[in-house]
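Chain and residue survey
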Amino acid sequence: MAQTTVASEYSSEVHAEPIEHRFNPYSDNGGTILGIAGEDFAVLAGDTRQSEGYSIQSRSMSKVFDVGDNILMSANGFAADGDALVKAFQNQLKWYHFNHNKELSIHSAARLTQQLLYGKRFFPYYVHTILAGVDEEGKGAVYSFDPVGSYEREQCRAGGAAASLIMPFLDNQVNFKNQMDPSSNGTKKKELRYLSLQEVVNLVKDAFSSATERHINVGDALQIVIVTKDGARTEYHSLKKD
Amino acid sequence: MAGLSFENYQRNQFLAAKGHGVPKATSTGTTIVGCKFKGGVVIAADTRATSGPIVADKNCEKLHRLSPKIWCAGAGTAADTEMVTALISSNLELHSMSTSRAPRVVTALTMLKQHLFKYQGHIGAYLIVAGVDPTGSHLFSVQAHGSTDIGFYQSLGSGSLAAMAVLESNWHEDLDKEGAMKLCSDAIQAGIWNDLGSGSNVDLCVMEVGKDAVLYRNHLTPNVREQKASSYKFARGTTAILKEDIFKLIDVEEETIHSEAMEVDA
Amino acid sequence: MNGISVDINHLKKGEVNLGTSIMAVTFADGVILGADSRTTTGSYIANRVTDKLTQVNENIWCCRSGSAADTQAVADIVKYHLEMYTAQQGEQPTTKIAASLFQELCYNNKDALTAGIICAGYDKRSGGSVYSIPIGGSIHKQEYAIAGSGSTYIYGYCNKNFRPNMSKDETIDFMKKSLAQAIKWDGSSGGVIRMVILTKSGMERLVFYPHNYVDSE
């Protein structure tokens with residue numbers, strides 16, 4: 001609403017209409033995350049740039065966490081909410097261990113995450129969440145969530161600022177969308193197959209270096225966490241800093 | 001009618017009020033600087049153009065020529081900086097032909113400020129104007145609303161604060177050409193690294209008294225992309241064939257023409 | 001609301017503002033104009049060495065406050081008219097003529113302008129004179145005038161310390177101390193203090209750096 005000041009005939013009498021000021025509890029801290037499931041592994045990757053508006057708050061802020069029990073978690077969007085969600089999850093996991101004295105499976109972790117997110121249905125965690133791990137059959141698993149807890153198990157998912165840039169690339173390179181079997185001369189769909197760890201890591205690196213080229217909130221460094229039944233390990237790669 | 005057309009203004013206001021998105025102009029969320037030195041003046045710019053958070057152009061040109069020895073760097077709405085620059089460049093040339101004199105920087109500045117003031121800030125051009133003319137070397141800045149500033153060093157755009165930090169700490173009175181070029185590129189780099197609206201390369205233009213202006217396009221390229229991890233060349237046959245039709249484009253017909261003497265009109 | 005609706009809060013987004021401390025004072029030999037040098041866009045200082053004292057004719061100057069674009073445009077137009085006057089009449093215009101031009105432009109375009117101007121000059125007919133033209137386009141002939149956001153802090157000080165027919169040094173001292181206080185308390189004023197002295201013997205420009213005026217009273 002435009003603010004106007006109305007002066008009456010009595011020149012000293014000035015009346016200003018009120019303007020409404022409101023605190024906005026959310027902000028967008030940029031960044032992008034990406035999860036891909038392999039045959040017996042899963043990777044969860046994220047860039048380490050945290051930004052607000054045109055300013056960089058940190059060039060080295062990790063947002064992919066090994067939350068325990070071979071589960072990787074990342075909540076991208078509003079950083080404070082992301083941290084709060086991961087902490088809430090880790091807290092619940094601790095209670096789960098006390099109460100049941102066993103590891104939390106990835107599908108139970110997903111259901112727990114849904115409960116945590118929906119618990120704030122009317123004041124949501126402003127995040128896109130991805131969980132990665134290995135399921136009870138030993139297969140790689142990636143779960144992705146919307147801000148209020150709707151979720152789905154998928155082969156791959158990109159979230160955050162450059163999700164819309166990366167996801168079509170993943171559709172094509174992971175699920176072979178719009179690709180035909182070359183030997184069929186463009187008549188038979190290319191058959192799905194599991195990608196090797198090396199292939200997946202290469203895809204992740206290229207997805208992030210490409211997103212860095214075209215999205216201003218992506219860059220600085222790339223953190224890739226790889227999880228297998230034997231545990232999680234982290235790789236770091238540098239990204240452009242402009 | 002001369003000037004810009006505002007015929008869709010009301011319609012767009014109405015559409016926006018009903019919650020429809022308004023078209024987003026490409027903004028050169030930019031860092032541009034200028035700096036004087038003993039025998040001339042230098043201006044510089046980054047080369048990133050953005051549309052919201054998306055990089056629209058990784059290597060755009062923000063240094064515009066107003067006349068052979070008067071150049072300007074533009075920030076703000078990309079289309080506005082380009083069009084206003086082209087307009088003033090034309091008028092400057094006509095003016096210098098009718099007066100038989102080399103164009104002056106103040107003339108360019110006055111034409112720019114009067115044009116921008118007329119449009120009350122709706123033409124979103126923020127410019128650093130610099131050059132050499134028979135009166136010497138000059139450096140000015142113009143804001144979209146039509147106000148102008150003068151100074152030994154200037155910075156404009158979203159990265160102007162980062163750039164000004166460098167200018168304020170490293171500028172000194174007796175800079176030479178090389179010093180001014182270094183200072184300007186350092187200031188631009190401050191924007192490239194620390195301002196998300198700026199990025200890619202450094203363009204630079206040096207205007208020296210008694211010499212031709214020199215444009216250093218991509219003076220620095222500190223952001224070359226590294227080699228990709230894999231190749232994404234698709235094997236022949238990857239593209240789906242939905243339908244195949246073969247047309248015979250050329251029909252060859254033979255006809256024998258009897259060669260008789262042609263009749264020509266008298 | 002049965003009144004005249006004046007949108008005085010129309011500085012457009014991103015418009016450069018001269019949140020200012022300016023003044024002009026008549027004294028024994030003529031008049032002195034003074035100003036700070038800060039230009040702001042929001043909280044950013046876009047220019048810390050601005051010259052808010054603008055020459056519009058041989059011996060007539062003005063102090064600008066409000067929108068930088070508006071005041072520069074108005075001053076340019078006045079300057080043009082005074083040049084035409086000189087060419088056509090074959091004599092220098094008086095300060096009163098210049099001030100009237102400012103007033104007419106500011107009044108006729110009041111719905112489009114944010115300009116608070118002090119016009120001051122020296123002419124043989126009236127000596128040094130000061131005209132204040134605040135935002136609505138009214139005109140006030142005064143012995144001295146203060147304006148801009150910083151001026152509110154020094155109404156009392158100036159009222160107590162101004163004396164008619166001061167000497168040049170007394171006037172400079174008075175203005176320096178007044179503007180120092182305005183700059184001290186007003187966040188949108190700052191930088192150096194610039195002055196222009198207009199007397200029968202021509203004009204003189206002065207600059208005072210912070211170490212020359214801070215704690216001057």
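Residues numbered from 1 in each chain as written. Chains lettered and ligands numbered in written order. Predicted model: local features only at pLDDT ≥ 70, side-chain atom pairs only at ≥ 80, totals over all residues. Heavy atoms only, no water.

The name an unreviewed UniProt entry assigns to chain C is Proteasome subunit beta, from the organism Kuraishia capsulata CBS 1993. Per its UniProt entry, chain C bears the Function (unreviewed entry) comment "Component of the proteasome, a multicatalytic proteinase complex which is characterized by its ability to cleave peptides with Arg, Phe, Tyr, Leu, and Glu adjacent to the leaving group at neutral or slightly basic pH. The proteasome has an ATP-dependent proteolytic activity." Under Catalytic activity (unreviewed entry), UniProt gives the following word-for-word description of chain C: "Cleavage of peptide bonds with very broad specificity." (UniProt positions renumbered as here; feature names shortened; annotations may be inferred.)

An unreviewed UniProt entry lists chain A under the name Proteasome subunit beta, with Kuraishia capsulata CBS 1993 given as the organism. For the record of chain A, the UniProt heading Function (unreviewed entry) holds the text "Component of the proteasome, a multicatalytic proteinase complex which is characterized by its ability to cleave peptides with Arg, Phe, Tyr, Leu, and Glu adjacent to the leaving group at neutral or slightly basic pH. The proteasome has an ATP-dependent proteolytic activity."

1. Comments concerning the interface of chain C and chain B
Contacts between the two partners involve 15 residues from chain C, matched on the other side by 16 residues from chain B. The interface formed by chain C and chain B holds two salt bridges in total. Across the pair Lys113 of chain B and Asp76 of chain C runs a salt bridge whose closest N-O atoms are separated by 3.5 Å. For the side of chain C that touches chain B, the secondary structure elements donating two or more residues are β6 (44-47) and α1 (68-89) of chain C. Looking at which element gives the most residues to the side of chain C that touches chain B, the answer is α1 of chain C, with six residues. Per-class residue counts for the side of chain C that touches chain B are six nonpolar, three polar and six charged. (Contact = heavy atoms within 4.5 Å. Salt bridge = Lys/Arg side-chain N within 4 Å of Asp/Glu carboxyl O. Helix = DSSP H or I, 4+ residues; strand = E, 2+ residues; numbered from the N terminus. Nonpolar A, V, L, I, M, F, W, Y, C, P; charged D, E, K, R; others polar.)

2. A look at the pattern of salt bridges
Applying the stated criterion to the full structure yields 24 salt bridges over all chains. Notably, a salt bridge pairs Lys62 of chain B with Asp46 of chain B, separated by 2.8 Å at the nearest N-O pair. Within this pair, whereas Lys62 of chain B is found in the loop between β5 (54-57) and β6 (63-67), its partner Asp46 of chain B is found in the loop between β3 (40-45) and β4 (49-51), the two being separated by 16 residues in sequence. Residue classification places Lys62 of chain B among the buried positions, given a relative accessible area of 1%. For Asp46 of chain B, a relative accessible area of 0% gives the class buried. For the salt bridge of Lys52 of chain C with Asp36 of chain C, the shortest nitrogen-to-oxygen distance reads 2.9 Å. (Buried < 20%, exposed > 50% of the residue type's maximum accessible area, 1.4 Å probe, protein only.)

3. Focus: the interface of chain A and chain B
The interface is formed by 32 residues belonging to chain A together with 35 residues belonging to chain B. Of the roughly 2,700 Å² buried between chain A and chain B, counting both surfaces, carbon and sulfur atoms make up 51%. Sorting the residues of chain A by area buried against chain B places Tyr54, Arg214 and Asp242 of chain A first, and these three jointly supply 27% of that buried surface. Joining chain A to chain B, the criterion identifies two salt bridges. The salt bridge involving Arg48 of chain B is made with Asp242 of chain A; its shortest N-O contact spans 3.4 Å. Listed by contribution, the elements that provide at least two residues to the side of chain A that touches chain B are β6 (55-58), α3 (163-173) and α4 (197-214) of chain A. (Buried area = accessible area lost by both parts, 1.4 Å probe.)

4. Some thoughts on the sheet that holds strand β11 (residues 153-156) of chain B
All names here are of chain B. One open sheet holds the five strands; their spatial order is β11-β2-β3-β12-β13, and the pairing between them is antiparallel. This sheet does not close on itself; its edge strands, each paired only once, are β11 and β13 (214-220). For this sheet, the mean angle separating the axes of adjacent strands, direction not counted, is 15°. Of the strand pairs in this sheet, β3 and strand β12 (residues 202-208) are connected by six bridges, and their pairing is antiparallel. Along β12, the bridge assignment pairs Ala44 with Leu204. The strands touched by helix α4 (residues 160-170) are β2 (32-37) and β11; relative to β11, the strand with the most contacts, the crossing angle is about 160°. Along the sheet, helix α5 (residues 177-194) contacts β2, β3, β12 and β13; its crossing angle with β2, the most-contacted strand, is approximately 165°. (Pairing = 2+ DSSP bridges. Axes fitted to C-alpha atoms, helices over the stretch in contact; angles between N-to-C directions.)

5. Quick word on the packing of α4 of chain B against α5 of chain B
When two helices pack together, their arrangement is given by the angle between their axes and by how far apart the axes lie. Residue and element names in this part refer to chain B. Across the interface, α4 lies against α5 with an axial gap of 7 Å and an inter-helix angle of 145°. As for the relative orientation of α4 and α5, their crossing is right-handed in sense. Only Leu183, Asp186, Ala187, Ala190 and Gly191 of α5 make contact with α4, whose side of the interface consists of Ala162, Ala163, Val166, Leu167 and Asn170. (Left-handed = near helix turned anticlockwise from the far one by under 90°.)

6. Digging into the packing of helix α2 (residues 78-99) of chain B against helix α3 (residues 105-118) of chain B
All names here are of chain B. One can describe the packing of α2 onto α3 by two numbers: an axis separation of 10 Å at closest approach and a directional angle of 130°. For the element pair α2 / α3, the angle class is oblique. Read as a crossing pair, α2 and α3 show a hand that is right-handed. Contacts between α2 and α3 involve Val84, Leu87, Ile88, Asn91, Leu92 and His95 on the former and, on the latter, Thr107, Ala108, Met111, Leu112, His115 and Leu116. In terms of residue class, the contact of α2 with α3 is made up of eight nonpolar, four polar and no charged. (Parallel < 35°, antiparallel > 145°, perpendicular 65-115°, else oblique.)

7. Some remarks on the UniProt feature "active site" (unreviewed entry) in chain C
Residues and elements named next belong to chain C. Here the UniProt feature "active site" (unreviewed entry) sits at Thr20. On the secondary structure map, Thr20 appears in the loop between β2 (17-18) and β3 (22-27). The residues contacting Thr20, other than those within four sequence positions of it, are Asp36, Lys52, Arg64, Ser65, Ala147, Gly148, Ser149, Gly150, Ser151, Asp186, Ser188 and Ser189. Within the structure, the side chain of Thr20 is placed 3.4 Å from the side chain of Lys52, a separation counted as a polar contact. (Polar contact = N/O pair within 3.5 Å; in protein donor to acceptor, adjacent residues only side chain to side chain.)

8. Some details on the nonpolar core
Counting residues in hydrophobic clusters, the biggest one holds 27 residues, and the most contacted among them are Leu34, Ile36, Val43, Leu170, Val204, Phe208 and Ile224 of chain A. Secondary-structure elements contributing two or more residues to this core are β3 (32-37), β4 (41-47), β12 (156-160), α3, α4 and β13 (221-228) of chain A. The element best represented in this core is α4 of chain A, accounting for seven residues. Discounting residues that sit within four places of it in the chain, Val204 of chain A has contacts with Leu34, Ile36, Val43, Ala45, Leu222 and Ile224 of chain A. Counting residues in hydrophobic clusters, the runner-up holds 23 residues, among them Met23, Val25, Ile146 and Phe174 of chain C. (Core = buried A, V, L, I, M, F, W, Y, C linked by side-chain atoms within 4.5 Å.)

9. Regarding the environment of Ala221 of chain A
Residue and element names in this part refer to chain A. With respect to the helices, strands and loops of the structure, Ala221 is situated in strand β13. Sequence separation between Ala221 and Trp95 is 126 residues; the distance between their C-alpha atoms is 34 Å. Residues in contact with Ala221, not counting those within four places in the same chain, are Gly46, Asp47, Thr48, His237, Ser238 and Leu239.

10. Thoughts on the confidence of the model for chain C
Looking at chain C, pLDDT values average 92 and 92% of them are 70 or higher. Reported for the predicted complex are a pTM of 0.88 and an ipTM of 0.90. (pLDDT = per-residue confidence, 0-100.)

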